[in-house]
Amino acid sequence: MKSLGSIRRDFAPWNDPNAKPYIQFDNVTKKFGDFTAVNNLSLTIFEREFFALLGASGCGKSTLLRMLAGFEEPTAGRILLDGQDLRGIPPYRRPVNMMFQSYALFPHMTVENNIAFGLKQDGMPKPEIASRVAEMLKLVKLEQFAKRKPHQLSGGQRQRVALARSVAKRPKVLLLDEPLGALDKKLREETQFELMDLQQNLGLTFVVVTHDQEEAMTMADRIAIIDKGEVMQVATPAEVYEAPSSRFVAHFVGNVNMFEGKVAERTAKTTRIAGATGAQIVVDNAVDTAAGADIVFAIRPEKIRISSKKPADAVNALEGEVYDIAYLGDMTVYHVRLDDGQMVRASTMNAARIAEDPLSWNDRAWVSFRPDAGVVLTR
Amino acid sequence: MNATWSRFNITSIVLGFAFLYLPIVLLIVFSFNESKLVTVWGGFSTKWYVSLFHNQGLMDATWVTARVGLISATVATVLGTLAALTLTRYTRFKGRVLFSGMVFAPLVMPEVITGLSLLLLFVAVGLDRGFLTVTLAHITLTMCFVAVVVQSRLITFDRSLEEAAMDLGATPVKTFFQITLPVIMPAIVSGWMLAFTLSLDDLVIASFTSGPGATTLPMKIYSQVRLGVTPEINAACTILIAVVAIGVVIASLANKRREVQRQLDEQAAQRG
């Protein structure tokens, strides 16, 4: 039997040109009065995918979810689910279920009846409802809480009831609106992995809306980064992080150092960038950019090495002064002010308990990185 | 806590409670008076209570009041709830401000004006004054109170509850009856009780809009008092006070129990 991990590793329908899209947003626009919440957006989600819509609040990600659930109709464009156009189908006839940010548990019903609510609407026979409810309670480990009312539960338990209720009908797609937003950090991390297991075990398609990039990176197969109602990038977590398509994405996900500059010289394999502040950076040819073009070189802090002496083998080495040090336990973050004035953030894993090369405030320091450590952004 | 009883505190409390309850205590005491003279104590007796139940006029008036109260409170609750739903849900229709202002105007309208204008209306349309007109008038009076009570609950109502119900397959009608209505039911019940109480003790509007054969209890009491206060009236009022007091005590006991239960529940939830 394949482990869940290997199923996950092999799962990549977005790279398969013959894969049939499951959910399709086709040039969807949604306007509220003069405000455009979603602007001519197209997106494809595959069956059994764990898909995250990531963006700041007000970027339109929740509107996308609500259009999928049927609470809002697109102003223009169409949404297809399994080939069927969803326009005009009311929420109570759509084969999707949603888990609400506020959980929206019915306060006057017990946990049991909350979970059974959707099944009763379908006219499922009573014994079947009872066995399905029992199954769901077991799934979220709340068997002994069946007779309680929502206000008799803790926040984490309520979240599980909401989850059980939304998967009880075995929807084609489960929509999750900030599913872990109301939980504290420890519980949130545990629940992330539970959600992933649940999605694998039930074989459902999950579309989750979140503003928490860590959450999206942990759980999702692919992430769509949304800004001002438009898709900035759709890619796997690793691609989003290591190969952001624009300055916005690079900034939005994780920490990043940006060097503004121009393409100074191109050879067969490398490009030399003249930084606006004077630094010369050599990178592998990744982007097809003509000499003289304005670009940004983006590099993550952990890809930068920091040392007190210039490394002999370094292609790119820039000198500066340690401006600030933040010791975070697992790693240390250095802020180095380069001699040309640019601030660079470099982080080092604290693999050993006692550091060999202790740098201190105001020490002279070199930051160095490999030619393939960063990305060149033209947008 | 400061438990010392200064002379000043005691005096304030005695004066305050005396101001509030002395008239009522006097009324109750004299309802058990043997003498026919209201202000002269002639010994203990319950004969006025017995004669009260043989006073056909008062019994009729009580029956009328009860029917008017039940019918008008129920109709006013339905209409007031609908008005509250409209005002909180459809916030962008033309004339909403005017409509909400007009729904709530009777709250501050002097009763004399409401009564007089209703009387003019009934005369103009040729409606004979009687049970129907006083019931209609009480619906008009109490509907806005229900609307206020229900609206204040609806404002804090989480709309995602309804969305969740529809998402799980409930049609809008089912959603209303299975989710919205049960959740706002406490507010609707208190609206109904408020409407019933208002109808029960209204004298002014009833005097304008009632006709022969539909005399309400407050009207009856008032007219009898004008002929001279009899201990019978004291007895009737004592019974009214007892009914209201029992209602208040039951309501607050139920409230208290719910509160205690809730605290226990929350503690249980904390423990997991």
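Residues numbered from 1 in each chain as written. Chains lettered and ligands numbered in written order. Predicted model: local features only at pLDDT ≥ 70, side-chain atom pairs only at ≥ 80, totals over all residues.

**A closer look at the overall build of chain A**
Item 1. Along its length, chain A carries 9 helices and 20 strands.
Item 2. Projected onto its principal axes, the C-alpha coordinates of chain A cover approximately 75 × 50 × 45 Å.
Item 3. For chain A, the proportion of its 379 residues judged to be buried stands at 39%. (Helix = DSSP H or I, 4+ residues; strand = E, 2+ residues; numbered from the N terminus. Buried ≥ 20, exposed ≤ 12 C-beta atoms within 10 Å, placed from the backbone.)

**Brief notes about the environment of Arg188(A)**
All names here are of chain A.
Item 1. Note on placement: Arg 188 falls in helix α6 (residues 185-202).
Item 2. With 27 residues separating them in the primary sequence, Arg 188 and Glu 215 have C-alpha atoms 8.6 Å apart.
Item 3. Residues contacting Arg 188, with those up to four places away along its chain left out, are Leu 180 and Leu 183. (Contact = placed C-beta atoms within 7 Å.)

**Some points on the sheet that holds strand β16 (residues 316-327) of chain A**
The pairing of strands in a sheet happens through backbone hydrogen bonds and is either parallel or antiparallel.
Residue and element names in this part refer to chain A.
Item 1. Strand order in the open sheet formed by 5 strands is β15-β19-β16-β17-β18, and the pairing between neighbours is antiparallel. Both outer strands of the open sheet, β15 (305-307) and β18 (343-349), are each paired with one neighbouring strand and no more. Averaged over all neighbouring strand pairs, the angle between strand axes comes to 45 degrees, with direction disregarded.
Item 2. Two elements, β15 and strand β19 (residues 364-369), share 3 bridges in a ladder whose sense is antiparallel. Across the sheet, Ile 306 pairs through a bridge with Val 367, a residue of β19. (Pairing = 2+ DSSP bridges. Axes fitted to C-alpha atoms, helices over the stretch in contact; angles between N-to-C directions.)

**As for the packing of helix α3 (residues 111-121) of chain A against helix α5 (residues 155-167) of chain A**
Residue and element names in this part refer to chain A.
Item 1. Viewed as axis vectors pointing N to C, α3 and α5 meet at an angle of 25 degrees, and their least axial separation amounts to 7 Å. Taken together, the axis directions place α3 and α5 in an arrangement best described as roughly parallel. Where α3 crosses over α5, the two elements pack in a sense that is right-handed. Packed against α3, whose contacting residues are Val 111, Asn 114, Ile 115, Phe 117 and Gly 118, the element α5 presents Val 161, Ala 164 and Arg 165 at the interface.
Item 2. A per-class count over the contact of α3 with α5 returns 5 nonpolar, 2 polar and 1 charged. (Parallel < 35°, antiparallel > 145°, perpendicular 65-115°, else oblique. Left-handed = near helix turned anticlockwise from the far one by under 90°. Nonpolar A, V, L, I, M, F, W, Y, C, P; charged D, E, K, R; others polar.)

**Here's the deal with the domain arrangement of chain A**
All names here are of chain A.
Item 1. For chain A, the assigned domains read domain 1 (4-95 + 171-250) and domain 2 (255-377).
Item 2. Inter-centroid distance (C-alpha atoms) of domain 1 to domain 2 is 34 Å.
Item 3. Between domain 1 and domain 2, the residue contacts involve 5 residues of the former and 6 residues of the latter.
Item 4. Partitioning the side of domain 1 that touches domain 2 into residue classes produces 3 nonpolar, 1 polar and 1 charged. (Domains from an automatic or database assignment.)

**Looking at the environment of Thr210(A)**
Residue and element names in this part refer to chain A.
Item 1. Mapped onto the elements, Thr 210 comes out in strand β8 (residues 205-210).
Item 2. Residue Thr 210 is classed as buried on the basis of its C-beta count, with 22 C-beta atoms lying within 10 Å.
Item 3. Along the chain, Thr 210 and Ala 116 lie 94 residues apart, while their C-alpha atoms are 27 Å from each other.
Item 4. Not counting residues up to four positions away in its chain, the partners in contact with Thr 210 are Ala 52, Leu 54, Glu 178, Glu 215 and Ala 216.

**Structural notes on the interface of chain A and chain B**
Item 1. Every contact between the two is made by 21 residues of chain A and, on the other side, 19 residues of chain B.
Item 2. For the side of chain A that touches chain B, the per-class residue count stands at 11 nonpolar, 8 polar and 2 charged.

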